[in-house]
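A look at the structure
Now for the letters of each chain:
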Amino acid sequence: MKTTGRAAASLALVALSTVAAFAQEAAPAAAPAAPTPVLDTGNTAWMLTSTALVLMMTIPGLALFYGGMVRKKNVLATIMQSFAITCLVTVLWFMFGYSLAFSDGGGMNAYLGGFSKFFHHGITTATLWLPGVANIPEFVFSMFQLTFAIITPALIAGAFAERMKFSALLIFMGLWLVVVYAPIAHWVWGGGFLGSAGVLDFAGGTVVHINAGVAGLVCALVLGKREGYGTTNMAPHNLVYSVIGASLLWVGWFGFNAGSELAADGLAGAAMMNTQVATAAAALAWMFAEWIVAKKPSVLGIISGAVAGLVAVTPASGFVNPTGAFIIGIIAGVVCYLSAVKLKHAFGYDDSLDAFGVHGVGGIVGALLTGALADPAINALGKGASVGTQIYGIVFTILWTAIATFVILFIVKALVGLRPSSQEEVEGLDVTQHGEVVP
């Protein structure tokens with residue numbers, strides 16, 4: 001009886017086990033729910049810092065850099081342009097720009113964002129950008145991108161320095177932000193067709209520098225040369241200001257490039273190192289090129305070379321290794337020296353502070369070399385890099401920027417005119433546009 005009872009019990013246990021196994025196969029246990037993304041305080045702290053660094057690039061960095069390179073009678077007007085653009089773009093970005101660049105455009109998303117985030121509608125303190133990846137507040141992401149949107153039109157002003165009416169500048173920059181900058185930012189970073197095609201731009205080679213440089217060249221051509229260009233002494237009035245400005249740009253650029261990783265991690269560190277190496281290499285390359293050609297290494301030359309390196313490494317900073325950054329810096333320093341000093345004079349256009357010669361040309365050099373030098377060991381996205389894809393992005397950026405900028409200029413010209421009178425320009429924009437002078 002005991003044996004029979006034990007056998008029966010064993011059979012019962014086997015049967016129960018079999019039924020349980022079949023039940024598990026028929027209805028597998030539900031997977032545990034994915035954890036709710038939580039704000040990453042380390043990433044957020046780095047992005048808050050980066051945002052402040054990039055804002056410093058425009059005010060006071062670019063303001064001083066440009067302000068020192070113009071003649072004394074235009075220094076206040078030049079600094080005023082950077083400051084006023086900062087204020088204007090901030091308001092327009094809050095109202096329209098962010099949504100057009102970084103929201104879902106629905107059926108038109110390949111070309112432009114939507115209207116859903118006008119006035120930052122729907123964004124709260126709990127809204128995260130890239131949940132599960134960066135986990136930073138969307139307000140912080142928008143602020144970071146705002147600083148890029150500020151410096152891009154401010155860079156354009158270097159091409160037409162000393163010869164645009166202030167009223168014209170405000171209208172032009174407002175229209176340009178909405179019609180040119182926001183769409184191109186969306187094309188590359190907001191889910192648009194250039195980013196989807198594999199165009200690599202880590203921190204703004206196309207969006208910021210080619211964009212601003214080409215727009216600056218169009219402005220210089222449409223407005224024409226400054227009064228007395230080629231016959232009047234137009235040497236910088238205070239290169240100390242420009243050195244201080246260039247130094248602030250260099251320091252701020254770490255937020256620009258390393259901040260574009262949107263995280264405090266190893267790739268941000270690589271972008272920072274690449275930025276430093278390329279900038280130093282380009283400054284030396286420009287200096288030595290000028291030393292060979294003009295027989296003396298100038299202060300203006302070495303700081304211009306540094307900015308050329310910063311520009312060229314921008315699209316590549318999160319894709320290349322430090323050796324690649326070194327190569328980019330050397331090439332950019334020499335090429336931008338030739339474009340700013342030789343090309344401009346050969347073609348006879350008046351790019352006052354070399355916005356195209358440094359930012360346009362440097363941005364193109366950097367974008368091309370990103371395709372050639374991208375290292376998958378630094379960033380897996382570099383595996384699909386190609387010069388051909390980079391050319392595709394460069395061409396579309398140049399075409400849209402050039403055409404749209406040209407149209408906007410003629411709209412502004414019809415509304416308020418572009419230039420002050422010849423007499424006002426000779427007298428200086430400080431007093432004629434703002435009623436103030438530097439004693």
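Residues numbered from 1 in each chain as written. Predicted model: local features only at pLDDT ≥ 70, side-chain atom pairs only at ≥ 80, totals over all residues. Heavy atoms only, no water.

With that settled, the discussion passes to the overall build of the protein. Helix and strand counts for the protein stand at 15 helices and two strands. Residues counted as buried form 52% of the 439 residues belonging to the protein. Contacts in the protein between residues at least 24 apart in sequence constitute 78% of all its contacts with a sequence separation of at least 6. Summed over all atoms, the accessible surface of the protein reaches about 18,200 Å², with 72% contributed by carbon and sulfur. Here the protein contributes 17 positive and 19 negative side-chain charges, whose respective centroids are spaced 5 Å apart. (Helix = DSSP H or I, 4+ residues; strand = E, 2+ residues; numbered from the N terminus. Buried < 20%, exposed > 50% of the residue type's maximum accessible area, 1.4 Å probe, protein only. Contact = heavy atoms within 4.5 Å. Areas by Shrake-Rupley, 256 points an atom, 1.4 Å probe, with all protein chains shown as cover. Lys, Arg positive; Asp, Glu negative; His and termini not counted. Charge placed at Lys NZ, Arg CZ, Asp CG, Glu CD.)

Turning next to the packing of aromatic side chains. Under the criterion given, the structure shown has 27 aromatic pairs. Consider the rings of Trp-187 and Trp-400, whose centres lie 6.3 Å apart with planes at 55°: the pair is tilted. Highlighted residues: Trp-187 in helix 5 (residues 166-189) and Trp-400 in helix 13 (residues 387-416), separated in sequence by 213 residues. A residue is classified by how much of its surface remains accessible, and Trp-400, at 33% relative accessible area, is partly exposed. Ring geometry for Trp-253 and Phe-256: centres 5.2 Å apart, planes at 55°, overall tilted. On the criterion of helical spacing, the pair formed by Trp-253 and Phe-256 is a turn pair, its members being three residues apart in helix 8 (residues 239-258). (Phe/Tyr/Trp six-rings, centres within 6.5 Å; stacked < 30°, edge-to-face > 60°.)

With 110 residues, the main nonpolar core has Phe-65, Ile-156, Phe-160, Phe-172, Tyr-181 and Phe-256 as its most contacted residues. Per-element tally for this core: the top contributor is helix 5, with 14 residues. If near-sequence neighbours (up to four positions away) are discounted, Phe-65 is found in contact with Tyr-241, Ser-242, Gly-245, Ala-246, Leu-249, Ile-303 and Val-307. (Core = buried A, V, L, I, M, F, W, Y, C linked by side-chain atoms within 4.5 Å.)

Following Ile-59, the chain continues into Pro-60 via a peptide bond in cis, with omega recorded as 15°. Along the polypeptide, Pro-60 turns up in helix 2 (residues 41-69). Even without being glycine, His-120 reaches a positive phi, approximately 60°. Of note, His-120 is situated in the loop between helix 3 (75-102) and strand 1 (128-129). For Asp-354, which is not glycine, the phi torsion reads 60° and is therefore positive. Tracing the backbone through its elements, the reader meets Asp-354 in the loop between helix 11 (322-347) and helix 12 (355-373).

We now examine the side chain of Asp-351. Here Asp-351 is to be found in the loop between helix 11 and helix 12. Of the side chains with opposite charge, Lys-344 lies nearest to the buried Asp-351, which makes no salt bridge, at 5.9 Å. A polar contact is formed between the side chain of Asp-351 and the backbone nitrogen of Gly-357, at a distance of 3.2 Å. In contact with Asp-351, other than residues within four places in its own chain, are Gly-158, Ala-159, Ala-220, Lys-344, Phe-356 and Gly-357. (Salt bridge = Lys/Arg side-chain N within 4 Å of Asp/Glu carboxyl O. Polar contact = N/O pair within 3.5 Å; in protein donor to acceptor, adjacent residues only side chain to side chain.)

Let us look at the pattern of salt bridges. Under the defined criterion, the tally for this structure stands at seven salt bridges. Salt-bridge contacts for Arg-226 lead to Glu-162; the nearest nitrogen and oxygen are separated by 2.7 Å. Pair noted here: Arg-226 is in the loop between helix 7 (205-223) and helix 8 and Glu-162 is in the loop between helix 4 (138-156) and helix 5, with a separation of 64 residues, a long-range link. Each member of the pair, Arg-226 together with Glu-162, is buried. With its nearest N and O atoms 2.7 Å apart, the salt bridge here joins Glu-425 to Arg-419. One network of salt bridges, in which partners are shared, links Arg-71, Glu-162, Arg-163, Arg-226 and Asp-350.

Packing of helix 10 (residues 299-313) against helix 11 leaves a shortest axis separation of 8 Å and a crossing angle of 125°. Comparing their axes, helix 11 and helix 10 come out oblique. Here the hand of the crossing between helix 10 and helix 11 comes out right-handed. In this structure, helix 10 contributes Ala-308, Ala-312 and Val-313 to the contact, and helix 11 contributes Ala-325, Ile-328, Ala-332 and Cys-336. Among the residues making up the contact of helix 10 with helix 11, the classes are represented as seven nonpolar, no polar and no charged. (Axes fitted to C-alpha atoms, helices over the stretch in contact; angles between N-to-C directions. Parallel < 35°, antiparallel > 145°, perpendicular 65-115°, else oblique. Left-handed = near helix turned anticlockwise from the far one by under 90°. Nonpolar A, V, L, I, M, F, W, Y, C, P; charged D, E, K, R; others polar.)

On to the confidence of the model for the protein. In regions of low pLDDT, the predicted coordinates are not meant to be interpreted in detail. Scored by pLDDT, the protein has a mean of 93; 92% of the residues are at 70 or more. Overall, residues 1-27 carries pLDDT values under 50, and its contacts beyond four positions in sequence, including any with other chains, amount to zero contacts. (pLDDT = per-residue confidence, 0-100.)

Here we take up the packing of helix 5 against helix 13. Between helix 5 and helix 13, the shortest axis-to-axis distance is 9 Å and the interhelical angle comes to 155°. The orientation of helix 5 with respect to helix 13, classified from their angle, is roughly antiparallel. The handedness of the crossing between helix 5 and helix 13 comes out as right-handed. Within the contact between the two elements, helix 5 uses Ser-167, Ala-168, Ile-171, Phe-172, Leu-175, Trp-176, Val-179, Val-180, Pro-183, Ile-184 and Trp-187 and helix 13 uses Phe-396, Thr-397, Trp-400, Thr-401, Ala-404, Thr-405, Ile-408, Leu-409, Ile-411, Val-412, Leu-415 and Val-416.

This part takes up the environment of Glu-261. Here Glu-261 lies in the loop between helix 8 and helix 9 (266-294). C-alpha separation for the pair Glu-261 and Ala-271, spaced ten residues apart in sequence, amounts to 8.3 Å. Dropping the residues within four chain positions of it, Glu-261 is found in contact with Phe-202, Leu-267 and Ala-268.

Attention now goes to helix 10. The end-to-end C-alpha separation of helix 10 is 22 Å, in line with the 21 Å expected for 15 residues at 1.5 Å each. Along helix 10, twelve of the 15 residues are buried, which leaves the element largely enclosed by surrounding structure. Check the buried side of helix 10 and you find it contacts helix 2, helix 7, helix 8, helix 9, helix 11 and helix 12. The backbone nitrogen of Gly-301 lies 2.8 Å from a side-chain oxygen of the residue at the head of helix 10, namely Ser-298. (Expected span 1.5 Å × (residues − 1).)

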